[in-house]
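Structural features, examined
Given next are the chains, with one letter for each unit.
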Amino acid sequence: MESRYGSEGALEDLEEAISHYQKALELLPVGHPDRLVSLNNLANCKQIKYESQGAMGDLQEATFLHQQALELCHVGHPGRSRSLHNLASCMESRYMSQGTLGDLEDAISHYKQALELCPVGNPDRSIFLNNFATCIKSRYESQGALGDLEEAISLHQKALGLCP
């Protein structure tokens, strides 16, 4: 359903995917090894719905679910980098919507940590660099620190350097 929503854009498909992911999560008790995947699936759909419909409740729920997923990714967990990135994306969206500088700082912190855990050669590295750079650029636009602009440019250049 989520894939069909992505290709056809029918909100009913996204709603159905959310319903199925919620039911799946309800069946997985705390401590179940598949709970992380379920949390991420549901959170990603909620964030997609927010991006499509603009309902802040969907973004708040996506953020909460991504926070829960991150709690399951202890230091050294292979999914920690992706979980940090997902949470950063929600924080960035909330900053863009509400303009709270704390959300931007949280997004920057999470993106930085995600990037630090993403090894050279990982196919996600260019995306992580780009998203981190975009947040740093947003901070430059908000606060005007030239160092932020220079860092954003450098990060974007590194991201471009990884693209074929």
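The text that follows walks through the structure, step by step, so that each part is easy to find. (Residues numbered from 1 in each chain as written. Predicted model: local features only at pLDDT ≥ 70, side-chain atom pairs only at ≥ 80, totals over all residues. Heavy atoms only, no water.)

Before going further, it helps to spend a moment on the overall build of the chain. Assigned secondary structure in the chain consists of 8 helices and 0 strands. When its helices and strands are written in sequence order, the chain yields α-α-α-α-α-α-α-α. Taking 15 Å as the expected radius of gyration for a compact globule of 164 residues, we find that the chain reaches 16 Å, a close match to that expectation. In the chain, once contacts between residues fewer than 6 apart in sequence are set aside, the share between residues at least 24 apart is 51%. Accessible surface, the chain: about 8700 Å² in total, of which carbon and sulfur atoms supply 53%. Side chains of the chain give 13 positive and 22 negative charges; the mean places of these two sets differ by 4 Å. (Helix = DSSP H or I, 4+ residues; strand = E, 2+ residues; numbered from the N terminus. Rg over C-alpha atoms; globule rule 2.2 N^0.38 Å. Contact = heavy atoms within 4.5 Å. Areas by Shrake-Rupley, 256 points an atom, 1.4 Å probe, with all protein chains shown as cover. Lys, Arg positive; Asp, Glu negative; His and termini not counted. Charge placed at Lys NZ, Arg CZ, Asp CG, Glu CD.)

This brings us to the packing of helix α7 (residues 125-143) against helix α8 (residues 146-161). The relative placement of two packed helices comes down to the angle between their axes together with the axis-to-axis distance. Two numbers describe how α7 lies on α8: the axes approach to 8 Å, and their chain directions differ by 160 degrees. For the element pair α7 / α8, the angle class is roughly antiparallel. Where α7 crosses over α8, the handedness of that crossing is left-handed. Every residue of α8 that contacts α7 at Ser 126, Leu 129, Asn 130, Phe 132, Ala 133, Thr 134, Ile 136, Lys 137, Arg 139 and Tyr 140 is listed here: Leu 146, Asp 148, Leu 149, Glu 151, Ala 152, Leu 155, His 156, Lys 158 and Ala 159. Among the residues making up the contact of α7 with α8, the classes are represented as 10 nonpolar, 4 polar and 5 charged. (Axes fitted to C-alpha atoms, helices over the stretch in contact; angles between N-to-C directions. Parallel < 35°, antiparallel > 145°, perpendicular 65-115°, else oblique. Left-handed = near helix turned anticlockwise from the far one by under 90°. Nonpolar A, V, L, I, M, F, W, Y, C, P; charged D, E, K, R; others polar.)

It is the contact of helix α3 (residues 35-53) with helix α5 (residues 80-98), at a shortest axis distance of 11 Å, that shows an interaxial angle of 25 degrees. In this view, α3 runs roughly parallel relative to α5, as classed from their interaxial angle. The handedness of the crossing between α3 and α5 is left-handed. In contact with Leu 36, Asn 40, Asn 44, Gln 47 and Tyr 50 of α3, α5 contributes Ser 83, Asn 86, Ser 89, Cys 90, Ser 93 and Ser 97.

Quick look at α8 now. Between its first and last C-alpha atoms α8 spans 23 Å; for 16 residues at 1.5 Å apiece the expected length is 22 Å, and the two agree. Next to the buried residues of α8 lie α6 (101-117) and α7. (Expected span 1.5 Å × (residues − 1).)

If you trace the backbone, Asn 40 turns up in helix α3. Assessed through its relative accessible area of 13%, Asn 40 is described here as buried. Once residues lying within four places of it in the same chain are set aside, the contact partners of Asn 40 are His 66, Ala 69, Ser 83 and Asn 86. (Buried < 20%, exposed > 50% of the residue type's maximum accessible area, 1.4 Å probe, protein only.)

Within the secondary structure layout, Asp 148 lies in helix α8. As a C-alpha pair, Asp 148 and Ser 93 span 55 residues in sequence and 19 Å in three-dimensional space. If we skip the residues at most four places from it in the chain, Asp 148 touches Ile 136, Arg 139 and Tyr 140.

What follows is about α7. Here α7 is 19 residues long and its end C-alpha atoms lie 27 Å apart, about the 27 Å a rise of 1.5 Å per residue gives. Regarding α7, the residues found buried are Arg 125, Ser 126, Phe 128, Leu 129, Asn 131, Phe 132, Ala 133, Cys 135, Ile 136, Ser 138 and Arg 139. In this structure, the buried residues of α7 make contact with α5, α6 and α8. With its phi angle positive at about 75 degrees, Gly 144 sits one or two positions after the end of α7.

With that out of the way, let us pick up the pattern of salt bridges. What the rule picks out here adds up to 9 salt bridges. Glu 15 serves as the salt-bridge partner of Lys 49, at 2.9 Å between the closest nitrogen and oxygen. Placement of Lys 49 in helix α3 and of Glu 15 in helix α2 (residues 11-27) is noted, with a sequence separation of 34 residues between them. Here Lys 49 falls in the buried class, since its relative accessible area comes to 15%. Classification of Glu 15 as partly exposed rests on a relative accessible area of 33%. (Salt bridge = Lys/Arg side-chain N within 4 Å of Asp/Glu carboxyl O.)

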